[in-house]
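A structural walkthrough
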Amino acid sequence: MTHMKNLLRSLWRYSPYGFAFFGLGVCIYSILTYGQTVIHSDTATAVLLWKSMKEQHQFFPMTWNYVNGDLWILTLHLFCILPMAITKNVALARCMASVCIVLVTVGGMMVGCRLLFKNHSWVISVPVIFLFMFEQHGMILYEAGYTAPILWAALCPALFYWSVKCGEHVGLRTATGVKCGEHAAPRTATGVKGGEHAAPRTATGVGRCLIFLLFFLLCLSGIRNIAEIILPLFLAYGVTFLLSAKKKDLSWLWNSLLLLVPAGGGLVVYQWIIQTHTMVDTDRNHMVLAGVREALHSFGDLVAQYVWTLYANFGYYLGPNTGVTQGLCNGITLVACTLLCFVIPIFQGWSILRKYKTQGFLKKCKTQGFLVDGTVFYFLYAMIHNAMFFVLFVFFGKVEIRYMLSSVIVLVIVSANFLVQVWRGGTFAWMKWGILVFYMAIGIEAVDLCSYSVGWEETLKEERAFNQELVDRGVTKAYATYWNAYNNAVYSNLQIQYGALSLWGNKLSPYLWLVDSRVYYPQENQKSALILSVYEKGIHSFLDEQWGEPVEAYQRNGLYVYIYDHDLMYDIPNVFLDGYLGPCEMMGGRKEPENGPENGLENGLGKDRRVTEIAGGEILASMTFTLEPGAYEFAFQGQDFGDCEFRMMNVSEEDSYEFVEVSRSEREVRYHLTVRNVLIDCGFGVYNPGAEPVQLEKIRKVVEESILK
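Residues numbered from 1 in each chain as written. Predicted model: local features only at pLDDT ≥ 70, side-chain atom pairs only at ≥ 80, totals over all residues. Heavy atoms only, no water.

Points about the nonpolar core
Convention followed: Definition of nonpolar core: a set of buried residues of the types Ala, Val, Leu, Ile, Met, Phe, Trp, Tyr and Cys, connected through side-chain atoms within 4.5 Å. When a residue's accessible area, from a 1.4 Å probe over protein chains only, is under 20% of the maximum for its type it is buried; when over 50% it is exposed; and in between it is partly exposed. Put simply, DSSP H or I for four residues or longer makes a helix, DSSP E for two residues or longer makes a strand, and each gets a number counted from the N terminus.
If you look at the biggest cluster of nonpolar residues, it comprises 175 residues, and the most contacted ones within it are Phe130, Phe215, Tyr378, Leu470, Tyr486, Tyr520 and Leu530. If you tally residues by element for this core, the top one is helix H16 (residues 374-395), at 15 residues. Core analysis: the second largest hydrophobic core is formed by 28 residues, Leu581, Leu620, Met648 and Phe684 among them.

See below:
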């Protein structure tokens with residue numbers, strides 16, 4: 001009987017670990033099954049970026065188009081390296097990358113809890129974050145685009161705290177004014193001489209270098225990590241120091257530099273790199289202050305919306321629940337968010353204040369070093385972090401649900417630590433019942449998550465069959481609007497090169513968003529496909545007029561597929577994206593579709609769609625573009641140029657540029673262009689003064705010493 005009781009006690013003692021790993025295992029199963037069926041273009045980006053890096057042998061490929069001001073550094077694309085080398089199944093490899101970053105994040109949370117709280121509170125925070133937060137499953141598990149911020153929110157404060165704590169004993173003057181070197185003479189209680197502390201001192205130095213490098217790389221990716229990690233850490237450090245350290249203690253300077261120097265260095269290098277890369281700017285990476293008067297007037301509504309956003313991260317649903325499991329999960333999210341984001345953090349703050357008042361905590365800080373308690377430090381970090389994001393929400397319009405994800409994460413970590421402390425302290429007997437309820441909630445959420453994997457193989461088979469049919473028809477390049485493009489690139493195992501297009505009315509143009517620009521370079525002897533959804537059917541009536549009749553057309557999976565015997569990029573304007581202006585970017589003698597604006601075929605366009613003819617006495621104009629000040633050289637390539645004249649068009653100030661002929665032959669004429677002031681909406685013109693037609697193939701950009709936009 002005694003043996004049985006001991007066994008039951010052991011099972012109860014280690015049960016939190018079992019349930020935490022059970023929840024994590026369910027998440028991994030869902031990623032590797034259901035996750036393969038919900039790959040979309042944002043999910044595919046990590047694979048495509050790694051492919052671009054590998055082909056160009058550059059960590060920041062020059063032809064890659066970044067967005068929202070973010071450089072991808074310590075992000076998901078690095079986790080694609082090993083899976084892509086292991087398997088040719090790209091969808092599986094992409095999901096394996098998500099599993100890898102989830103496991104690394106869990107490992108970081110374990111380390112963070114150990115360094116900060118000296119406990120295993122991750123057994124609560126891991127299942128809550130990865131299993132309970134239904135609304136963010138796509139972001140955290142399948143796309144895994146917002147998994148790295150979880151890692152940094154848990155690990156970076158812990159590493160900084162650990163570094164500062166070590167600094168209080170190794171090489172820095174502590175709050176008592178005693179240097180570490182002064183402890184060298186006497187032996188310690190274990191009989192080890194003080195001089196033998198060199199190894200810990202070395203380890204501390206190495207650790208600080210690693211932390212310095214980590215913060216540098218995080219800030220190299222852009223301003224977002226400054227707001228989420230560096231600034232809240234710096235302010236939390238300053239508050240704890242002011243509360244407890246002696247005025248003459250200068251350790252704050254060195255520790256502050258551990259944050260500020262890598263942050264500043266990272267931002268400087270970031271600004272240097274983006275000068276030579278495409279960084280698609282949107283309002284998401286702009287800090288624009290909203291109307292203060294309007295914000296204050298509707299402050300109550302904004303606070304309510306902010307609170308609702310926290311619940312929305314958990315996936316709380318106000319509408320009717322169609323099933324028992326859905327209803328139970330909805331109730332779990334309501335209770336979990338209320339407790340973990342509101343009730344327990346309040347108790348944690350009250351507990352810290354009580355400790356200051358009743359246990360001489362402040363005096364203890366001043367005698368033993370100001371960072372005595374990791375719980376206090378992380379609580380301050382979490383509160384400052386969330387205060388900053390509340391300001392961004394109310395006054396800067398950053399109201400999207402996922403922007404508040406990091407606010408939820410830090411609150412969950414705070415609450416998990418508090419619950420473990422209460423449990424270990426044995427303060428409340430009803431905690432055992434709470435633990436049992438938590439285990440039941442994990443089981444319910446696990447069942448709900450697994451239900452999405454039912455029939456995943458058939459769904460994946462259909463996605464692959466769609467692309468295999470294109471491959472069987474000889475298609476090697478395909479174009480579609482963004483959400484139908486790069487997911488299919490993954491499902492084709494990268495056998496088909498996809499490019500996203502922007503659709504405006506009946507016009508199509510390259511959509512330069514998280515893609516390598518080389519996708520849009522026309523390739524000879526390539527069959528290509530245009531894939532349109534039913535929602536884009538407005539352009540269908542213009543296809544024959546613009547590009548001629550496709551060789552094949554069919555419908556599958558709710559998509560319309562048009563196959564052409566040439567690369568469609570010969571027909572879609574991209575204005576020097578591929579390094580030259582082709583026939584489709586010449587505007588002279590165009591046909592006018594009856595039901596739409598000018599976007600038709602050029603008169604005299606050759607059957608191979610590579611040549612434009614300029615009749616005698618006619619002028620052919622190119623599409624317009626912008627030129628920054630600098631030196632350029634352009635080659636006009638074609639046949640029988642003879643006495644053709646080449647001009648700059650749409651430039652009112654002739655002294656702002658100099659356009660000089662460099663060489664001329666029957667096949668090519670070269671011009672050197674010097675731009676003194678920026679030329680907006682300029683273009684080229686080719687005039688044929690003779691009687692015989694002249695053929696123009698392309699206007700190629702040979703040399704540039706500035707940025708051509």
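A few points about the packing of aromatic side chains
Put simply, the rule is: Any two rings among Phe, Tyr and Trp, with Trp reduced to its six-membered ring, count as a pair given centres within 6.5 Å; such a pair is stacked if its planes are under 30 degrees apart, edge-to-face if over 60, and tilted if neither. Here, a charge over a ring is recorded when the distance from Lys NZ or Arg CZ to the ring centre is within 6 Å and its angle to the ring normal is within 35 degrees.
Summed over all chains, the structure comprises 34 aromatic pairs. Measuring from centroid to centroid gives 6.2 Å for phenylalanine 134 and tyrosine 452, while their planes differ by 35 degrees, and the two rings are tilted. Of this pair, phenylalanine 134 sits in the loop between helix H6 (122-132) and helix H7 (137-142) while tyrosine 452 is found in the loop between helix H18 (431-451) and helix H19 (456-472), placing the two residues 318 residues apart along the sequence. Among the residues examined, tyrosine 452 registers a relative accessible area of 33% and is labelled partly exposed. Judged by centre distance (5.8 Å) and plane angle (55 degrees), the ring pair of phenylalanine 646 and tyrosine 671 falls under tilted. Placement of phenylalanine 646 in strand S14 (residues 645-649) and of tyrosine 671 in strand S16 (residues 668-675) is noted, with a sequence separation of 25 residues between them. Judged by relative accessible area, tyrosine 671 falls into the buried class, the value being 9%. Joined through ring pairs, the aromatic side chains of Phe576, Phe625, Tyr632, Phe634, Phe636, Phe641, Phe646, Phe659, Tyr671 and Phe684 make up one cluster. The side chain of lysine 698 reaches across the aromatic face of tyrosine 580, ending 4.2 Å from its centre.

Section: the packing of helix H1 (residues 2-32) against H18
Here is the rule we go by: Whenever a helix is involved, its axis is fitted only over the stretch in contact; in every case the axis is a line through C-alpha atoms, and angles between N-to-C directions fall within 0 to 180 degrees. By the definition adopted for this analysis, an angle is roughly parallel if under 35 degrees, roughly antiparallel if over 145, roughly perpendicular if from 65 to 115, and oblique otherwise. Should the near helix be turned anticlockwise from the far one by less than a right angle, the crossing is left-handed, and should it be turned clockwise, the crossing is right-handed. Only heavy atoms matter for contacts: two residues are in contact if any of them lie within 4.5 Å across the pair. Under the scheme applied here, ten amino acids are nonpolar (Ala, Val, Leu, Ile, Met, Phe, Trp, Tyr, Cys and Pro), four are charged (Asp, Glu, Lys and Arg), and all others, including Gly, are polar.
Here H1 crosses H18 at 15 degrees, and the two axes come no closer than 10 Å. It follows from the interaxial angle that H1 and H18 lie roughly parallel. Note that H1 runs across H18; the crossing there is left-handed. For the pair H1 and H18, the contacting residues are Trp12, Ser15, Pro16, Phe19, Phe22, Val26, Cys27, Tyr29 and Ser30 in the first and Lys432, Ile435, Leu436, Tyr439, Ile442, Ala446, Leu449 and Cys450 in the second. Partitioned by chemical class, the residues of the contact of H1 with H18 number 14 nonpolar, two polar and one charged.

Considering the sheet that holds strand S4 (residues 497-504)
The following threshold applies: Criterion used throughout: strands pair if DSSP finds at least two bridges between them.
If you walk across this open sheet you meet the six strands as S5-S4-S3-S6-S8-S7, and the pairing is mixed. Edge positions in the sheet fall to strand S5 (507-510) and strand S7 (552-556), since each has one partner strand and no second. Pairwise comparison of adjacent strand axes, ignoring direction, gives a mean angle of 30 degrees for this sheet. Direction of pairing for S7 relative to strand S8 (residues 559-564): antiparallel, over a ladder of five bridges. In the strand pairing of S8, alanine 553 is matched with tyrosine 562. Taken strand by strand, H19 contacts strand S3 (475-481), S4, strand S6 (527-533), S7 and S8, and its axis lies near 175 degrees from that of S7.

Describing unusual backbone geometry
Most peptide bonds take the trans configuration, and most residues that are not glycine carry a negative phi. Of note, the phi angle at lysine 118 is positive, near 55 degrees, even though the residue is not glycine. Unlike most non-glycine residues, asparagine 493 shows phi in positive territory, near 55 degrees. With respect to the helices, strands and loops of the structure, asparagine 493 is situated in the loop between helix H20 (486-491) and S4.

Quick notes on the pairing of S14
Here S14 shows a clear split, with Phe646 and Met648 buried on one side and none of Glu645, Arg647 and Met649 buried on the other. Where S14 and strand S17 (residues 679-687) come together, five bridges link them in antiparallel fashion. Considered in S17, the bridge of glutamate 645 is made with tyrosine 687.

Observations concerning helix H3 (residues 41-56)
How we decide: One less than the number of residues in a helix, times 1.5 Å, gives the span that helix is expected to have.
Across its 16 residues, H3 extends 22 Å between first and last C-alpha, which sits within 8% of the 22 Å expected from 1.5 Å per residue. H3 sits mainly inside the fold: twelve of its 16 residues count as buried. Listed as buried for H3 are Ser41, Thr43, Ala44, Thr45, Ala46, Val47, Leu48, Leu49, Trp50, Ser52, Met53 and Gln56. Contacts from the buried residues of H3 go to strand S1 (65-67), helix H4 (81-86), helix H5 (90-117), H7 and H20. Directly beyond the C-terminal end of H3, a positive phi value near 55 degrees is found at histidine 57.

Points about the side chain of aspartate 516
Filter applied, for reference: Side-chain atoms alone can form a polar contact between residues adjacent in sequence; in general such a contact is a pair of N or O atoms within 3.5 Å, and within protein one must be able to donate a hydrogen while the other accepts it.
Along the polypeptide, aspartate 516 turns up in the loop between S5 and S6. A polar side-chain atom of aspartate 516 sits 2.9 Å from a polar atom in the side chain of glutamine 56. At 2.6 Å, the side chain of aspartate 516 and the side chain of threonine 63 are in polar contact. With residues up to four places along the chain from it excluded, the contact list for aspartate 516 reads Ser52, Gln56, Thr63, Trp64 and Asn65.

Considering the confidence of the model for the protein
Note the following rule: Every residue is assigned a pLDDT by the predictor, reflecting its confidence on a scale from 0 to 100.
Mean pLDDT over the protein: 83, with 83% of residues reaching 70 or higher. Of all secondary-structure elements in the protein, the lowest mean pLDDT belongs to helix H15 (residues 361-368), at 56, while H20 reaches the highest, 97. Within the model, the stretch residues 171-199 combines pLDDT values under 50 with 32 contacts to residues more than four positions away or in other chains. In this model, residues 589-608 is a region of pLDDT below 50 whose contacts with residues beyond four sequence positions or in other chains number 46 contacts.

Section: the environment of arginine 610
Tracing the backbone through its elements, the reader meets arginine 610 in the loop between strand S9 (580-581) and strand S10 (612-614). Linking arginine 610 and leucine 696, residues 86 residues apart in sequence, is a C-alpha distance of 8.7 Å. Setting aside anything within four residues of it in sequence, one finds arginine 610 in contact with Glu524, Asn525, Tyr570, Pro583, Leu696 and Glu697.

A word on H19
Here H19 contains 17 residues, and its C-alpha end-to-end distance of 24 Å stays within 8% of the 24 Å for a straight helix at 1.5 Å per residue. Listed in full, the buried residues belonging to H19 are Trp456, Leu460, Phe466, Asn467, Glu469 and Leu470. Looking one or two places after H19, you find glycine 474, whose phi comes out positive at around 85 degrees.

Quick notes on the side chain of asparagine 488
By the secondary structure assignment, asparagine 488 is in helix H20. From its side chain, asparagine 488 meets the backbone oxygen of asparagine 484 in a polar contact 2.8 Å long. Beyond its immediate chain neighbours, meaning those up to four positions away, asparagine 488 contacts Glu463, Phe466, Asn467 and Tyr498.

Concerning the pattern of salt bridges
Between side chains of opposite charge, a pair can form when the charged atoms approach closely. Where we set the bar: Salt bridge, as used here: a side-chain nitrogen of Lys or Arg that lies within 4 Å of a carboxyl oxygen of Asp or Glu.
Enumeration according to the criterion identifies 16 salt bridges in this entry. Of the charged contacts in the structure, one is a salt bridge between arginine 402 and glutamate 400, with a shortest N-O distance of 2.9 Å. A relative accessible area of 27% means that glutamate 400 is categorised as partly exposed. We note a salt bridge from glutamate 668 to arginine 670, for which the minimum N-O separation is 2.8 Å. Beyond isolated ion pairs, a larger network of salt bridges with shared partners links Glu462, Glu469, Arg473, Glu552 and Arg556.

A closer look at a nonpolar patch on the surface
This is how it is decided: Nonpolar side chains (Val, Leu, Ile, Met, Phe, Trp, Tyr) are joined into patches within 5 Å and like charges within 9 Å, using only residues with over 30% relative accessible area and no salt bridge. Values of accessible area rely on a 1.4 Å probe in the Shrake-Rupley scheme; residue burial ignores everything except the protein chains shown.
Nonpolar side chains collect at one region of the surface, where Phe212, Trp252, Leu253, Trp254, Leu257 and Val261 lie side by side and expose about 540 Å² of accessible area between them. Along the polypeptide, tryptophan 252 turns up in helix H11 (residues 251-274). Take tryptophan 252: its relative accessible area is 36%, and that puts it in the partly exposed class.

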